[in-house]
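# Observations on the model geometry
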Amino acid sequence: MVNISIPTLQIKTNGFNLPDIKTINITIIYQKGTVNKKNSDIEINNDILIVFLTQEESEDLKKNGARIFISATDYNDVDVSSQVKIVWVKKENRSTTSAGGSFVSKDDFEQTISNMDIKVEDLENSLSIGNGRIYLDYQDGKYGINTDPHRGADTFSPFKSDKETDLISSPLVIQMKFSGTHFFAPSSNTLDLRNYFPTAMQGLIKKIIIKTMHIKRSNTSASKGSVYFEFKIYGMKEELTSESTIYSNSWATRSNYTYVDTSYLSDVEIDTSSFKYVTGFGVYAYGKEATGMSSKSANYDFWGIIEAYL
């Protein structure tokens, strides 16, 4: 009996009921190219997207870091891309058998998110740094890291207070990119794209530094007004149950021009200590006039490096 292994990506999501999606496109950008997958290559299992890969695509993603972008519409043909949030990504194999029996092998989807070569298997539970494995933990009223998957007390190291030397000498370094074209209509004026920090780390972030950020934007038509794009960092204060904005900065396209404007940020330090949780960051956009706005579209490209300090 021969087992034929089919490589897949499993993408756990939240924020939108996946069975209500009519069309979906998943773009995987890695160091040497891009993989695009549509409905025919994707299955939905509750809140998990199962993406079928070729053997060549699987090898490319195993050797290189990658970023994943999801675009989707519902059965009313409404763009719901911003509502589909990625929780974690795993690379697996699904087996098919010629005559009875089954076999499933599993390896972790390798995604480069820092210059420390951090490999992410499950962002909510643990991190691999180099050849070691650490687990975010909470013991005796203190947050920290553990080198034992069973959370042994003697392998737990608490994060030190602000008055002591930082336990982690290097920040978590995140490469970010938001890019595309968005159509604005009177009934749908906004663009809202988000990346979320790992849930277990959201309550530990004390400071964020935008090391570098490049911002490009332009109208697609010379006869349209300005569109305003904002980069935002989101968080929650202890007494509140909804997100608010920790930091924002905005840039506009040129009214009645298609000229591509470029702006830059570097070493922008953001104090997050007044927020209990730092939840994520993203790009938001709106038309110059929120009501009665004529239809327009604009290109945007935000990319750079963010450092999160615990």
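Residues numbered from 1 in each chain as written. Predicted model: local features only at pLDDT ≥ 70, side-chain atom pairs only at ≥ 80, totals over all residues. Heavy atoms only, no water.

## What to know about the overall build of the protein
- Helix and strand content of the protein: one helix and 20 strands.
- In the protein, which comprises 310 residues, the share counted as buried stands at 43%.
- For the protein, the exposed area adds up to about 16400 Å²; of that, 47% sits on carbon and sulfur atoms. (Helix = DSSP H or I, 4+ residues; strand = E, 2+ residues; numbered from the N terminus. Buried < 20%, exposed > 50% of the residue type's maximum accessible area, 1.4 Å probe, protein only. Areas by Shrake-Rupley, 256 points an atom, 1.4 Å probe, with all protein chains shown as cover.)

## Considering the sheet that holds strand S6 (residues 66-74)
- Here three strands make up an open sheet; going across it, the order is S3-S2-S6 and the pairing antiparallel. Edge strands, defined here as strands with exactly one partner in the open sheet, are strand S3 (33-37) and S6. Adjacent strand axes in the sheet meet at a mean angle of 15°, parallel and antiparallel pairs treated alike.
- Examined bridge by bridge, strand S2 (residues 21-30) and S3 share five bridges and lie antiparallel to one another. Across the sheet, isoleucine 29 pairs through a bridge with threonine 34, a residue of S3. (Pairing = 2+ DSSP bridges. Axes fitted to C-alpha atoms, helices over the stretch in contact; angles between N-to-C directions.)

## Concerning the pairing of strand S5 (residues 48-52)
- Extensive coverage of S5 is indicated by the burial of five of its five residues.
- Where burial is concerned, the two faces of S5 agree: the one with Ile48, Ile50 and Phe52 and the one with Leu49 and Val51 are both buried.
- Pairing of strand S4 (residues 42-45) with S5 involves four bridges; the strand directions are antiparallel. For glutamate 43, the partnering residue across the bridge sits in S5 and is isoleucine 50.
- Linkage of S4 to S5, two consecutive antiparallel strands, is achieved through a turn of two residues, within which asparagine 46 is found at a positive phi near 60°.

## Overview of the pattern of salt bridges
- Within the structure shown, the criterion is met by nine salt bridges.
- For lysine 12, the salt bridge goes to aspartate 47, with nearest N and O atoms at 2.6 Å. Taken as a pair, lysine 12 in strand S1 (residues 3-14) and aspartate 47 in the loop between S4 and S5 lie far apart in primary sequence, 35 residues in all.
- The exposure class assigned to lysine 12 is partly exposed, which follows from its relative accessible area of 22%.
- On the basis of relative accessible area, aspartate 47 is assigned to the partly exposed category, the value being 29%.
- Two residues, aspartate 267 and lysine 211, come together in a salt bridge whose shortest N-O distance is 2.7 Å. Separated by 56 residues along the polypeptide, aspartate 267 in strand S18 (residues 261-271) and lysine 211 in strand S15 (residues 207-219) bring together distant segments of the chain.
- By relative accessible area, lysine 211 is classed as partly exposed at 28%.
- Residues participating in the shared-partner salt-bridge network are Asp192, Arg194 and Glu243. (Salt bridge = Lys/Arg side-chain N within 4 Å of Asp/Glu carboxyl O.)

## Considerations on the packing of aromatic side chains
- In the structure shown here, the tally under the stated rule is six aromatic pairs.
- With a centroid separation of 5.6 Å and an interplanar angle of 40°, the aromatic rings of phenylalanine 229 and tyrosine 300 are classed as tilted. Here the residue phenylalanine 229 occupies a position in strand S16 (residues 227-236), and tyrosine 300 occupies one in strand S20 (residues 296-309), the gap between them amounting to 71 residues. An identical accessibility class is assigned to phenylalanine 229 and tyrosine 300; each is buried.
- Summarising the aromatic geometry, the rings of phenylalanine 231 and phenylalanine 281 are spaced 6.3 Å apart at their centres and angled 40° between planes, so their arrangement reads as tilted. Here phenylalanine 231 is found in strand S16, whereas its partner phenylalanine 281 is found in strand S19 (residues 277-287), with 50 residues between them in sequence. The pair phenylalanine 231 / phenylalanine 281 is uniform in exposure class, with both members buried.
- Here the aromatic cluster, defined as three or more aromatic residues joined through ring pairs, consists of Phe178, Phe197, Phe231 and Phe281.
- Here lysine 90 stacks its cationic end above the ring of tryptophan 88, 4.8 Å away from the centre of that ring.
- Over the aromatic face of tyrosine 309 sits the side chain of lysine 207, whose NZ or CZ is 4.6 Å from the ring centroid. (Phe/Tyr/Trp six-rings, centres within 6.5 Å; stacked < 30°, edge-to-face > 60°. Lys NZ or Arg CZ within 6 Å of the ring centre and 35° of its normal.)

## Structural notes on the sheet that holds strand S13 (residues 172-184)
- With antiparallel pairing, four strands are arranged side by side in an open sheet as S13-S20-S15-S18. Only two strands of the sheet have a single neighbouring strand rather than two, namely S13 and S18. Neighbouring strand axes in the sheet, compared pairwise and without regard to direction, differ in orientation by 15° on average.
- Looking at chain direction, S15 and S18 are connected through 10 bridges and run antiparallel. Residue pairing for S18: arginine 217 is matched across the bridge by aspartate 261.

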